[in-house]
Amino acid sequence: MSTQTRLLVVMDPIQGIKPAKDSTLAMLLAAQRRGFEILYAEQKDLWLRDGTAFGRLSHLRVRDDAQNWFECDPAQPTRLGDCDVILMRKDPPFDTEYVYTTYILERARDQGALVVNDPRGLRDMNEKVYTAWFPECCAPTLITRDMADMAEFLREHTKAVCKPLHGMGGRSIFVLQQDDKNRNVIFETLTDYGSRYAIVQRYLPEITTAGDCRIILVDGEPVPFALKRMPSADDNRGNLAAGARAESRPLNERDRWLCGRIGPKLRAAGMLFVGLDVIGDYVTEINVTSPTGIRELDKKHDLDIGGLLLQAIDRTLESA
């Protein structure tokens, strides 16, 4: 790629990241090694004027240094369509403001920028709901506002995982037994007394022995190792943010079958960087907003996953 390639990253405040674990920083380091010009903005820095997408963008320089990982120049108003690539790496919650941001990014895409991941896909592929497009890959799942239906699902399966549709990092995830006396208040809390949707999935006991595994797909193809997140002894959640332990394992035949079912559809939709969450034989979430796991897998297996993404971006730009 030419040294003139301009890459904008839209992310949470860069000063607040954990550089040793941050996948966005790994992507930016890979881009900088390839000579990309890197620009930085937060969600609040973007706007539309007369149909044109703009942002207050800062030139950004990054380092693989836990104490001093970035430098930013003063921000300047810039037409987003003048960027070659926009990495949308704002973390959930996937709320109304996030949706509005995808509209701005869609206009930027229409005006010349490659947006990763595609903004229409970000809107359409809710990380929990989108599993419904691949029922053959998933354990029994119910998405509903009806608390009686949730209770019946729990009776049917005797143990279930309940969680909101918009969260991340293990927030508000509950594991319920059929005889749990807190079940009704949990259903009330998650659905706000039947006024919003939540998800209930059959509990998969493999999480205690095989962990909650993150498989990273780059342009529809899986990285050969999965990040295995083992819950702590006093927690049900396989999320690193909730205290799970990071291990890894090679992909197995079932993993590759799951990726073969899901990956091509993601590639066709312009979703270049996606994380599948797999427990046992089943996909539980399809993470499209800001999947993580790069730093841990790079370190354990001497990989360059950020570089793989940049190669996919190169191919996409060249074929445009």
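Overview of the structure. As the structure is a computational prediction, the values presented were derived from the model and not from experiment.

## Some thoughts on the nonpolar core
L8, L80, I86, L266, L276 and I286 are the most contacted members of the largest nonpolar core, which totals 39 residues. In this view, I286 contacts E127, Y130, T131, F134, I262, L266, V274, G275 and L276; residues no more than four positions away in its chain are not counted. If you look at the next biggest cluster of nonpolar residues, it comprises 35 residues, including L29, A30, L87 and I294.

## Here we look at the packing of aromatic side chains
What the rule picks out here adds up to five aromatic pairs. Ring geometry for W47 versus F54: centroids 5.7 Å apart, planes at 15°, classification stacked. Three or more aromatic residues joined by ring pairs form one cluster here, namely Y130, W133 and F134. The cationic tip of K159 hangs over the ring face of Y203; the distance from NZ or CZ to the ring centre is 4.0 Å. Taking NZ or CZ as reference, R254 lies 5.7 Å from the ring centre of Y282, over its face.

## A word on the environment of R56
Within the element layout of this structure, R56 appears in strand β4 (residues 52–62). The class for R56 is partly exposed, based on a relative accessible area of 42%. Separated by 175 residues in the primary sequence, R56 and P231 have C-alpha atoms spaced 41 Å apart. With residues up to four places along the chain from it excluded, the contact list for R56 reads Y40, A41, D45, W47, A75, Q76 and P77.

## Quick notes on the side chain of D118
Mapped onto the elements, D118 comes out in the loop between β8 (114–116) and α3 (119–124). A polar side-chain atom of D118 sits 3.0 Å from the main-chain amide nitrogen of R120. Excluding anything up to four places from it in sequence, D118 contacts R109, A269, G270 and M271.

## A few points about empty space enclosed by the protein
What the rule picks out here adds up to three cavities of 30 Å³ or more. One number sums up the size of the second largest cavity: a volume of about 40 Å³. As for the second largest cavity, its lining consists of M27, L87, M88, R89, V116, N117, F273, V288, T289 and P291. Examining the composition of the lining of the second largest cavity, we find that three residues originate from one element, strand β7 (residues 85–89), more than from any other.

## Examining the pairing of β7
Of all five residues that make up β7, five are buried, and the element is covered over most of its length. Here β7 shows a buried face lined by V85, L87 and R89 and a second buried face lined by I86 and M88. One ladder, built from five bridges, connects strand β1 (residues 6–11) with β7; its direction is parallel. Looking at β7, one finds that M11 is bridged to R89. By the bridge criterion, three bridges tie β7 to β8 in an arrangement that is parallel. The partner of I86 across the bridge, within β8, is V115.

## A short note on unusual backbone geometry
A cis amide bond links P92 to the next residue, P93, at an omega of 25°. Secondary-structure assignment places P93 in the loop between β7 and α2 (96–110). With an omega of -5°, the peptide bond between V116 and N117 qualifies as cis. Tracing the chain through its elements places N117 in the loop between β8 and α3.

Criteria and thresholds
- Residues numbered from 1 in each chain as written.
- Predicted model: local features only at pLDDT ≥ 70, side-chain atom pairs only at ≥ 80, totals over all residues.
- Heavy atoms only, no water.
- Core = buried A, V, L, I, M, F, W, Y, C linked by side-chain atoms within 4.5 Å.
- Buried < 20%, exposed > 50% of the residue type's maximum accessible area, 1.4 Å probe, protein only.
- Contact = heavy atoms within 4.5 Å.
- Phe/Tyr/Trp six-rings, centres within 6.5 Å; stacked < 30°, edge-to-face > 60°.
- Lys NZ or Arg CZ within 6 Å of the ring centre and 35° of its normal.
- Helix = DSSP H or I, 4+ residues; strand = E, 2+ residues; numbered from the N terminus.
- Polar contact = N/O pair within 3.5 Å; in protein donor to acceptor, adjacent residues only side chain to side chain.
- 1 Å grid on protein atoms, 1.4 Å probe; cavity = no way out; pocket = protein on both sides within 12 Å on 5 of 7 lines; lining within 4 Å.
- Points joined across faces, edges and corners; volume = space filled by probe spheres on them.
- Pairing = 2+ DSSP bridges.

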